[in-house]
Amino acid sequence: MGIQVEFNPDLALRHINEFEAGRRKEAECIPATLQEGEAYLFLKQGQRNYWLEGEIPLLETKGNGELSLPLASIQIEEATHIMKDSILWTHGTYRVKEVFYDKDVHFNGFTKVHSSASQT
């Protein structure tokens, strides 16, 4: 028996409707409104490792690997593993660096792509 650890290149959370319907905890969902510069809590089941030294995409997941395009660029500030009711969770905080309102490419692998407008 080994230790199961998942390495995530992004943070994939559920739509806020899942919380409003009582199916998920609020921290498992993307807030109804994302604001640049604001910090938010997150909660993911399992022992997960995230990159903390740079920006990663925030995605919406419907489960089973069904992911949206990046909704925002975030930086995870803290990630901690906890046991609650015999279930392993990863919880922490992330800060929104930029919210995306288009379908442009914003990440190339692990590298954030800067738009020409933001480079001037």
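Report follows, based on the coordinates. (Residues numbered from 1 in each chain as written. Predicted model: local features only at pLDDT ≥ 70, side-chain atom pairs only at ≥ 80, totals over all residues. Heavy atoms only, no water.)

## What about the overall build of the chain?
For clarity, the cut-off: Put simply, DSSP H or I for four residues or longer makes a helix, DSSP E for two residues or longer makes a strand, and each gets a number counted from the N terminus. We compute the radius of gyration from the C-alpha atoms alone; for a globule the expected value is 2.2 Å times N to the 0.38, where N is the number of residues. A contact between two residues is defined here by any heavy atoms of the two lying within 4.5 Å.
Looking only at helices and strands, one finds 1 helix and 10 strands in the chain. Of the regular secondary structure in the chain, the N- to C-terminal order runs β-β-α-β-β-β-β-β-β-β-β. For 120 residues, the compact-globule estimate of 2.2 N^0.38 gives 14 Å, and the C-alpha radius of gyration of the chain, at 15 Å, lies within 12% of that figure. Relative to all contacts within the chain whose residues are 6 or more apart in sequence, the contacts with residues 24 or more apart total 57%.

## Notes on the environment of Q45
Inspection of the secondary structure assignment puts Q45 in strand β3 (residues 39–45). Each residue touching Q45, except ones within four places of it in the same chain, is listed here: I87, L88 and W89.

## Here we look at the packing of aromatic side chains
Going by this rule: Stacked, tilted and edge-to-face pairs are distinguished by plane angle, under 30 degrees for stacked and over 60 for edge-to-face with tilted covering the rest, among Phe, Tyr and Trp rings (Trp via its six-membered ring) whose centres lie within 6.5 Å. Only protein chains enter the accessibility calculation, which uses a 1.4 Å probe. A residue is then buried if its area is under 20% of the maximum for its type, exposed if over 50%, and partly exposed in between.
One pass over the structure, following the stated rule, counts 4 aromatic pairs. With 6.4 Å between their ring centres and 45° between their planes, F42 and Y94 make a pair best called tilted. Separated by 52 residues along the polypeptide, F42 in strand β3 and Y94 in strand β8 (residues 87–99) bring together distant segments of the chain. Taking relative accessible area as the criterion, Y94 reaches 0% and is therefore assigned buried. The rings of Y40, F42, Y50 and Y94 are connected pair by pair, giving a single aromatic cluster.

## Concerning the pattern of salt bridges
As a reminder of what qualifies: Any carboxyl oxygen of Asp or Glu that lies within 4 Å of a side-chain nitrogen of Lys or Arg is treated as forming a salt bridge with it.
The tally for this structure, following the rule as stated, stands at 6 salt bridges. E28 is the partner of R24 in a salt bridge, and the nearest nitrogen-oxygen pair spans 3.3 Å. Connected through shared salt-bridge partners, E55, E98 and K112 make up one network.

## Here's the deal with the side chain of E28
Test applied: Identification of polar contacts relies on pairs of N or O atoms within 3.5 Å, with a donor-acceptor requirement for protein atoms, meaning one able to donate a hydrogen and the other able to accept it, and with residues adjacent in sequence counted only if both atoms are side-chain atoms.
Looking at where E28 falls in the secondary structure, it is placed in the loop between α1 (17–20) and β3. On the basis of relative accessible area, E28 is assigned to the buried category, the value being 9%. Polar contacts involving the side chain of E28 include one to the main-chain amide nitrogen of K25, which spans 2.8 Å. Those residues within four positions of E28 in sequence are excluded, and the remaining contacts are L13, R14, L43 and W89.

## Examining the pairing of strand β5 (residues 56–63)
To keep it simple, the criterion reads: Only strands joined by at least two bridges in the DSSP assignment are considered to pair.
By the criterion of burial, β5 is predominantly enclosed, with 6 of the 8 residues buried. Both β5 and strand β7 (residues 72–84) contribute to a ladder of 3 bridges, which runs antiparallel. Looking at β7, one finds that P57 is bridged to S73. In this sheet, strand β6 (residues 66–67) lies alongside β5 in antiparallel orientation, the contact comprising 2 bridges. By the bridge assignment for β6, T61 is matched with L67.

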